[in-house]
Amino acid sequence: MDSDPPLLETYKTLFANSKTSSNNHDHRLVTVEERHLPLIDLSRLSHNEAEKERCQKEIARAARQWGFFQVVNHGISMELLEMLREEQVRVFKQPFHHKCREDKFLNFSAGSYRWGTPTSYFLRQLWWSEAFHIPVNDISSTPMEPFATKVAILAQKLAEILAEKLGHKLSFFQESCLPSTCYLRLNRYPPCPIPSDIYGLMPHTDSDFLTILHQDQVGGLQLVKDGQWIAVKPNPEALVINIGDLFQAWSNDCYKSVKHCAVTHPTKERFSAAYFLCPSYETVIESCSMPSVYRKFSFREYRQKVQEDVQLYGYKVGLS
Ligand code: OGA
Ligand code: NI
């Protein structure tokens, strides 16, 4: 299809090499158990005080113990989620050469589009996916805007609950995380017709405060729980929430930014959309309690470090 990025042609030498090398010792791709994440009904937040308190505690516990959870009754209607998905499908259906034009594609800033991996020396480093990484500001007056508005409110609400459960009442997130600093990433994972050990997205942690993911029913999201990779069973009504590196640092390791990845499907394409709650580059991330595990750093410093590490080592080192 002329909308598909040329993954197979571009990486064919990697495929050829993989047949002759025996790099099969990565245990991750051995059968991975499918589990339900903690599922939290957010309608309880508008019940009586006692129920609200219990719900908030569950959110904080999931963030501590899993770094990941799912929410239902989150305030984003099925209709808005469908609108988002329809628009996402439409955008990815555009001819490949349009998507990767250097100038603006649709209304998105130049450079929003990515496909495959810029540097992959091994099959395992290859990302079998394409994505648009779009500042939320660029989404205004697109059919995705109503979703972006609602998801931003949800992200703020969850961040505030998590902060409050650490004993902090903060306007910090409202002041630092703005539509110009937050992102929506539209992911598409084309069917991957070759051996199953190719990632859609390599294992990584997110470099934000928290992420809200809407995925379709194909499945492919996996995460580490108690040292084991587990697969997340898709739930059509739920959104997946995960803690990012900044919240881990800010909470002084109380909340966990957990490694996750997306695996590919042999015959089905898969879509997901992730909203990243990010602060401005100037924002300083400082632990909310003492003694602090990490030295304080600005978001700009952190982003630069991540980029340098990727250039240098081929992967993100993350918090250290
Ligand atoms: C991401 C991500 C997972 C998925 O975009 O950072 O982890 O299932 N996506 O698409
Ligand atoms: Ni991620």
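Residues numbered from 1 in each chain as written. Chains lettered and ligands numbered in written order. Predicted model: local features only at pLDDT ≥ 70, side-chain atom pairs only at ≥ 80, totals over all residues. Heavy atoms only, no water.

If you walk across this open sheet you meet the 5 strands as β1-β10-β9-β12-β7, and the pairing is mixed. Looking at which strands have only one partner, the edges of the open sheet turn out to be β1 (33–35) and β7 (199–204). This sheet shows a mean twist of 35° between the axes of neighbouring strands, independent of strand direction. With 3 bridges joining them, strand β9 (residues 221–225) and strand β12 (residues 260–263) adopt antiparallel strand pairing. Residue pairing for β12: glutamine 222 is matched across the bridge by cysteine 261. (Pairing = 2+ DSSP bridges. Helix = DSSP H or I, 4+ residues; strand = E, 2+ residues; numbered from the N terminus. Axes fitted to C-alpha atoms, helices over the stretch in contact; angles between N-to-C directions.)

Lining the immediate environment of ligand 1, one finds Arg185, Asn187, Tyr189, Leu201, His204, Asp206, Leu213, Leu221, His260, Arg270, Ser272 and Phe276. Taking arginine 185, its side chain carries an N or O atom lying 2.8 Å from an oxygen atom of ligand 1. Contacts to ligand 1 include asparagine 187, whose side-chain N or O atom sits 3.2 Å from an oxygen atom. Here ligand 1 has 290 Å² of accessible area as a free molecule, and 98% of this is covered by the chains. Cavity membership is defined here by more than half of the atoms lying within 2 Å of grid points; on that basis ligand 1 lies in the largest cavity. Taken together, the elements giving at least two residues each to the shell around ligand 1 come down to β6 (183–189), β7 and β13 (270–277). Grouping the amino acids of the shell around ligand 1 by side-chain chemistry returns 5 nonpolar, 4 polar and 3 charged. (Near = heavy atom within 4 Å. Polar contact = N/O pair within 3.5 Å; in protein donor to acceptor, adjacent residues only side chain to side chain. Areas by Shrake-Rupley, 256 points an atom, 1.4 Å probe, with all protein chains shown as cover. 1 Å grid on protein atoms, 1.4 Å probe; cavity = no way out; pocket = protein on both sides within 12 Å on 5 of 7 lines; lining within 4 Å. Sits in = over half its atoms within 2 Å of the grid points. Nonpolar A, V, L, I, M, F, W, Y, C, P; charged D, E, K, R; others polar.)

Here the focus is the pairing of β9. Within a regular strand, the side chains alternate between the two sheet faces. Counted residue by residue, β9 has 4 buried out of 5 residues, so it is predominantly covered. As judged from the 4 bridges shared by β9 and strand β10 (residues 228–232), these two strands associate in the antiparallel manner. Looking at β10, one finds that leucine 223 is bridged to isoleucine 230. With antiparallel pairing between neighbouring strands as the criterion, β9 and β10 make up a hairpin whose turn holds 2 residues, including aspartate 226 at a positive phi of roughly 50°. (Buried < 20%, exposed > 50% of the residue type's maximum accessible area, 1.4 Å probe, protein only.)

There is a patch of nonpolar side chains on the surface, built from Leu312, Tyr313, Tyr315 and Val317 and spanning about 440 Å² of accessible area. On the secondary structure map, tyrosine 313 appears in helix α9 (residues 299–313). Owing to a relative accessible area of 46%, tyrosine 313 belongs among the partly exposed residues under this scheme. (Patch = residues over 30% accessible without salt bridge, like charges linked within 9 Å, V, L, I, M, F, W, Y side chains within 5 Å. Salt bridge = Lys/Arg side-chain N within 4 Å of Asp/Glu carboxyl O.)

The next thing to look at is the packing of helix α3 (residues 49–65) against helix α6 (residues 145–164). For the pair α3 and α6, interaxial distance at closest approach is 9 Å and the crossing angle is 85°. Classed by the angle they form, the pair α3 and α6 counts as roughly perpendicular. Within the contact between the two elements, α3 uses Gln56, Ile59, Ala60 and Ala63 and α6 uses Leu158, Ile161, Leu162 and Glu164. In terms of residue class, the contact of α3 with α6 is made up of 6 nonpolar, 1 polar and 1 charged. (Parallel < 35°, antiparallel > 145°, perpendicular 65-115°, else oblique. Contact = heavy atoms within 4.5 Å.)

What follows covers the pattern of salt bridges. Counted under the stated rule, the structure contains 16 salt bridges. A salt bridge links glutamate 58 to arginine 44; the nearest nitrogen and oxygen atoms lie 3.0 Å apart. Of this pair, glutamate 58 sits in helix α3 while arginine 44 sits in the loop between β2 (39–41) and α3; the two residues are 14 residues apart in sequence, bridging distant segments of the chain. The exposure class assigned to glutamate 58 is partly exposed, which follows from its relative accessible area of 26%. For arginine 44, a relative accessible area of 13% puts it in the buried group. Between aspartate 245 and lysine 316 there is a salt bridge, with its nearest N and O atoms 2.7 Å apart. Placement of the pair is aspartate 245 in helix α8 (residues 245–250) and lysine 316 in the segment after α9, with a sequence separation of 71 residues.

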